[in-house]
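# Descriptive structure summary
Listed below, chain by chain, are the residues.
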Amino acid sequence: MPLVAYHLILITIRLGGVWGPAAPVPVPFKGDFGVGSVAYNAPTPFEISFQGQSRCSIMKMRGLYMTLPVAIESAIQQKIESHTAQIGVIGMGYVGLPLAVRAAEIGFSVLGFDVDHTRVVALNNGESYIGDITAARMLAVHQQGTLEATTDMRRLRTCDVIVICVPTPLNHTRDPDLHYIEQASEAIARMLRTGQLVILESTTYPGTTQEIVQPRLEATGLRVGEDVFLAFSPERIDPGQTSSQGWSVENTPKIVGGVTDICTTLASAFYRQITSQVVPVSSPRVAELTKLFENIFRAVNIALVNELALLCDRMQLNVWEVIEAAATKPFGFMKFSPGPGLGGHCIPIDPFYLTWKAREFDLSTRFIELAGEINTQMPRHVHDLVARALNRQRKALNGATVVLLGVAYKKDVDDYRESPVFKVADLLQADGAQIVFCDPHISSFQNHAGHVLHTTPLTTDLLTRSDCAVIMTDHSAFDYEQIVAHATAVVDTRNATRHVVQGREKIVLL
Ligand SMILES: NC(=O)c1ccc[n+]([C@@H]2O[C@H](COP(=O)([O-])OP(=O)(O)OC[C@H]3O[C@@H](n4cnc5c(N)ncnc54)[C@H](O)[C@@H]3O)[C@@H](O)[C@H]2O)c1
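Residues numbered from 1 in each chain as written. Predicted model: local features only at pLDDT ≥ 70, side-chain atom pairs only at ≥ 80, totals over all residues.

The subject of this paragraph is the environment of Val 110. For Val 110, the location among the structural elements is in strand E8 (residues 109-113). Since 26 C-beta atoms lie within 10 Å of it, Val 110 is described here as buried. Counting along the chain gives 10 residues from Val 110 to Ala 100, while the straight-line C-alpha distance between them is 6.4 Å. Apart from the residues within four sequence positions on either side, Val 110 is in contact with Ile 87, Val 89, Ala 100, Ala 103, Ala 104, Thr 146 and Leu 147. (Helix = DSSP H or I, 4+ residues; strand = E, 2+ residues; numbered from the N terminus. Buried ≥ 20, exposed ≤ 12 C-beta atoms within 10 Å, placed from the backbone. Contact = placed C-beta atoms within 7 Å.)

Secondary-structure assignment places Leu 509 in strand E21 (residues 507-509). Residue Leu 509 is classed as buried on the basis of its C-beta count, with 22 C-beta atoms lying within 10 Å. Expressed as a C-alpha distance, the spacing of Leu 509 and Val 490, which sit 19 residues apart in the sequence, is 8.3 Å. Once residues within four sequence positions are removed from consideration, Leu 509 is found in contact with Asn 318, Asp 492 and Asn 495.

This part takes up the environment of Arg 236. Following the sequence through the fold, Arg 236 ends up in the loop between strand E12 (229-232) and helix H8 (241-244). Taking the number of C-beta atoms within 10 Å as the measure of exposure, Arg 236 has 20 and is therefore buried. Placed 16 residues apart in sequence, Arg 236 and Thr 252 show a C-alpha to C-alpha distance of 7.4 Å.

Glancing now at the sheet that holds E8. Spatially, the 8 strands line up as an open sheet ordered E9-E8-E7-E10-E11-E12-E13-E14, and their pairing is mixed. Looking at strand neighbours, the two that pair on one side only are strand E9 (147-150) and strand E14 (278-281), the edges of this open sheet. Put simply, the sheet's adjacent strands are angled 25° from each other on average, direction ignored. As defined by bridge partners, E12 adjoins strand E13 (residues 254-258) across 2 bridges and the pair is classed as antiparallel. In the strand pairing of E13, Ala 231 is matched with Gly 258. Relative to the sheet, helix H4 (residues 117-124) contacts E8 and E9, its axis offset from that of E9 by approximately 155°. (Pairing = 2+ DSSP bridges. Axes fitted to C-alpha atoms, helices over the stretch in contact; angles between N-to-C directions.)

When pLDDT is averaged along the protein chain, the result is 88, and 86% of the positions lie at 70 or above. In this model, residues 1-69 is a region of pLDDT below 50 whose contacts with residues beyond four sequence positions or in other chains number 88 contacts. (pLDDT = per-residue confidence, 0-100.)

Take the pairing of strand E16 (residues 434-438) next. Walk down a regular strand and you will see the side chains alternate between the two sheet faces. Alignment of strand E15 (residues 401-405) against E16, held across 5 bridges, turns out to be parallel. Within the sheet, the bridge partner assigned to Thr 401 lies in E16 and is Gln 434. In this fold, E15 hands off to helix H14 (residues 421-430), which returns the chain to E16; that crossover is right-handed. (Right-handed = clockwise from strand over helix to strand, strands pointing away.)

This part covers the nonpolar core. Within the largest apolar cluster, 66 residues are counted, with the highest numbers of intra-cluster contacts made by Val 386, Leu 404, Leu 405, Cys 468, Val 470 and Val 491. Apart from the residues lying within four places of it in its own chain, the contact partners of Val 386 are Leu 397, Val 402, Leu 428, Cys 468, Val 470 and Val 491. Within the second largest apolar cluster, 64 residues are counted, among which are Phe 113, Cys 263, Leu 266 and Ile 274. (Core = buried A, V, L, I, M, F, W, Y, C linked by C-beta atoms within 7 Å.)

Here you go:
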């Protein structure tokens, strides 16, 4: 057999290539092809070794041409950059839906996966249930036909890019509950095929991507970094707040950490289509810890101002005035506000993902624990302020009607997960108070005990009839002048009444 032919057979066998006619863009046989290289091994002339990862599809050897299969990662990158990749988003909630809508708006075909059938039906009718996605935006992508929702996880197989946006709560012992991530990873693994890029966005402890997701994907026999690609990229959305401040999925910088360099490159290529700035980091662990650090930074600073509020209360100083004055410093200070307690799916929960993981490394994260301790005291302080407001009128909590203004954990959203209102209501009820809930964004809700409760519209009559109104959430829809004018007493946990001039003697400020 002629030498050349023998080489050809070897190349075909080793690299799975196909010999064909002259190709349009020949690449020399020896040399570097981007990050990879092909070497002719001199001492054993019949052996051709392939090093690195191929970025080329065509090779030339002694005047003949060989077409190699296009590298898997090049194919997926091409699909991402031309917006022909099929995108799958698992979990159509506060994080997943805005991402899915954004991808659909820029022309990707998007499949939104959810186990909640009602959400799937709503999306397929072009209806939004998330405040940050307006009805008009949702309708537009619906009419464009680029976003479809489904409960059928088998359709994950058709997706080139799969983004996991499922919940990461704490369990009853306040340890990380990763069962949603495990379920989503297993659903992906069942349908996994070569060339898919999987990205985890759910907030979690450092190590989850490689300890929970990667083994499940690799149990299929496919290798991460070679056959399929895996990265972690945390979501930074802050529902209501970020959008009102002009921050959204399309302009918030995105951290990306892949299991291998190619995983990072591909995930970055995807997010470059979605947002204006991508920040690659060296590993999923770094990306996972970055997100937790961002939220812990908030939890610790909120605890600091909450502690200052407790101290100012004893010193008879106005904590809000102190904070506003400090905020005039143009450098080295960042403003945080005290409040009735932490709420939402992130700040009260995420820090404990790190506390839990830190134990594995024999370290107790004392700042996090202390911040948690102070922040969880705040509902009790609100209870004490209500008692003080009633006391001023020579009234007791027992038998008093207290209106809690705001069920949502923060301004202008309908999200009441982990809202401090539940704890405040419990404490007041334990002392015999009757509670009325008002929230213009929420008509009914399930409290932490699982009971479905209804809100009452806020009227002057309700304010007049009640003994105390407590501003739990500073929704823009509340008319604070009217609240102070008609309520018998007001406890303001948000300094929402700062511009109210008349009736200030009725206000007990946090
Ligand atoms: N909400 C926020 O402000 C925010 C911000 C940044 C990061 N995060 C993080 O993002 C993740 C998602 O949070 P969210 O607020 O969007 O949660 P969410 O509860 O609003 O939405 C999660 C969705 O996932 C669905 N789901 C659960 N298991 C599923 C499964 N196996 N397959 C398909 N769908 C499934 C649920 O039905 C729900 O619709 C969490 O890790 C959270 O910590 C949230």
